[in-house]
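# Chain and residue survey
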Amino acid sequence: MSDEVKVQDQSQEAQETAVSQAEAEHALNNVAVLKKGATVKGKIVKVDADQAFVDIGYKYDGVIPVRELSSVSLDDAGQAVQLGQEVELKVVSINDAKETLVLSKRVVDSEKAWDTLRGQLESKEILEATVAEVVKGGLVVDIGVRGFVPASMVERQFVEDFSSYKGRTLRLRVKEIDREKNKVILSQKDVLDEEFEANKKKIIEGLQVGQVLEGTVQRLTQFGAFIDIGGIDGLVHISELAWHHVEQASDVVKEGDKVKVQILKLDPSNDKISLSIKATQEGPWSNVEREFKAGDIITGTVKRLAAFGAFVEVAPGVEGLVHISQIAHRHIGTPHEVLKEGQEVQVKILEINTAEKRVSLSIKDTEEAPEAPAGAAAPSAGKPDRERQPRGDRDRGNSASHQKEIAGNENVSLSNQGLSMTLGERFGDKLSKFKK
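All values derive from a computational prediction rather than experimental measurement.

With that settled, consider the sheet that holds strand 13 (residues 233-237). Taken in spatial order, the five strands line up as 11-12-13-15-14 and close into a barrel, and their pairing is mixed. Between one strand and the next, the sheet's axes are offset by a mean angle of 50°, whatever the strand orientation. Relative to strand 12 (residues 224-228), strand 11 (residues 212-221) runs antiparallel, the two sharing five bridges. Considered in strand 12, the bridge of leucine 220 is made with alanine 225.

One closed barrel holds the five strands; their spatial order is 16-17-18-20-19, and the pairing between them is mixed. Shown here is a sheet whose adjacent strand axes are inclined to one another by a mean of 50°, direction ignored. Here strand 16 (residues 297-306) pairs with strand 19 (residues 344-353) via five bridges, running antiparallel. Across the sheet, threonine 299 pairs through a bridge with glutamine 346, a residue of strand 19.

Further remarks concern helix 2 (residues 106-123). A rise of 1.5 Å per residue sets the reference length of helix 2, with its 18 residues, at 26 Å; its end C-alpha atoms lie 25 Å apart and thus fit the reference within 8%. Within helix 2, burial applies to Val108, Ser110, Ala113, Trp114, Leu117 and Gln120. Taken together, the buried residues of helix 2 touch strand 4 (86-95), strand 5 (100-104), strand 6 (126-135), strand 9 (169-178) and strand 10 (183-187). In the stretch just after helix 2, lysine 124 is the one whose phi turns positive, near 60°.

Quick notes on the rules
- In this numbering scheme, every chain counts its residues from 1 along its sequence in written order.
- It should be noted that, the model being predicted, local features are given only for residues of pLDDT at least 70 and side-chain atom pairs only at 80 or more, the latter also being counted only at that level, while totals for whole chains, interfaces and linings use all residues.
- To get the side-chain values, take all heavy atoms of the structure and skip hydrogens and water.
- Between any two strands, at least two bridges found by DSSP are needed for them to pair.
- Elements are defined by DSSP. Helices are runs of H or I of four residues or more, strands are runs of E of two residues or more, and each kind is numbered from the N terminus.
- Simply put, an axis is a line fit to the C-alpha atoms, just over the touching stretch for a helix, and the angle between two N-to-C directions goes from 0 to 180 degrees.
- In this analysis, the expected span of each helix is defined as 1.5 Å times one less than the number of residues it contains.
- Between buried and exposed lies partly exposed: a residue is buried under 20% and exposed over 50% of the maximum accessible area for its type, with that area taken using a 1.4 Å probe on protein chains only.
- We call two residues contacting when some pair of their heavy atoms lies within 4.5 Å.

And the structure:
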């Protein structure tokens with residue numbers, strides 16, 4: 001090789017070296033100068049269980065420890081970031097000598113979150129968040145900062161066990177924020193209540209009195225049962241559960257039962273709906289005229305005793321009144337002298353009034369009348385019973401309490417035959433004592 005060629009090669013190598021040095025100096029000058037507390041952007045390039053690595057365009061990659069990924073505790077870094085994700089970070093520490101760069105996503109997210117939360121509190125905006133932890137007294141969610149949902153603000157109904165809520169997405173509304181105390185209270189119940197009320201009004205608008213619906217028994221009370229009729233509850237009063245007398249709602253229905261109900265009354269202004277189960281069923285009076293007639297002697301059960309008589313059930317849901325004058329042939333001061341509740345008795349039907357759903361009964365007409373004592377005064381010959389003088393108002397049972405109970409009982413009726421008693425019948429036993 002000639003000397004001239006050697007000189008050219010050396011000159012070319014020198015030029016290439018100079019270019020490489022210039023490029024290196026240029027690249028070095030363009031490397032960002034990082035300081036603790038600086039905000040940078042980067043891309044996740046690797047995710048381990050306890051940390052994530054990020055390329056921010058620096059001389060070496062930075063690392064985000066799992067504790068700096070979120071404001072709530074994480075089991076794995078992959079719960080907060082994914083490979084290739086663009087993230088905004090804060091420089092926690094930097095050491096070029098050891099090529100260590102620690103970054104925080106949590107700090108940046110927190111700073112942004114407080115401003116957002118303040119606006120959401122004022123606007124009552126609904127936000128979504130995933131349950132990160134189930135703790136004593138409620139749930140913890142990550143909303144850029146640590147948010148707390150008290151147990152009483154999770155659902156509309158009481159929840160005993162929240163263990164299944166971890167990982168579940170909730171729809172929340174900001175209730176309270178305190179940045180100095182790092183405190184954020186949220187509620188899902190507020191969102192659900194608002195939706196329920198809106199849905200309830202919509203449902204009520206589509207209902208009509210007399211409409212028959214299928215519902216589900218939600219809960220029982222002393223005064224009846226609440227029935228869900230498609231997102232809204234109505235009350236079936238205990239008197240509307242069945243045609244027969246009901247002591248307690250659990251005797252007829254239980255929670256979860258599917259039942260048919262008829263709407264009795266709507267009160268949209270107070271969000272009240274009155275329902276009836278018995279109105280959807282065939283009433284006990286529908287077969288009374290086919291099964292019974294005046295003059296029949298049947299077996300019944302004494303249900304209640306009053307000062308003026310006894311209420312006897314002759315069929316399920318059908319009660320008749322045995323007036324005190326029709327209980328025994330002898331004079332009695334009170335029905336309790338000869339009857340007790342639950343006792344089975346033979347009764348004769350005196351009158352049936354299906355239109356008013358009332359029955360008059362007699363016990364004494366099923367029994368043979370005792371012989372009159374010797375020397376007892378007999379009724380005047382030729383004087384018909386209809387001409388006998390009626391008893392006074394008190395003897396006919398026309399007291400205020402007497403009339404009130406009869407008027408309020410749809411199952412009984414007082415016929416003239418059930419109420420009438422002659423003076424001779426009333427005082428016959430007493431007069432006989434003086435006829436020796």
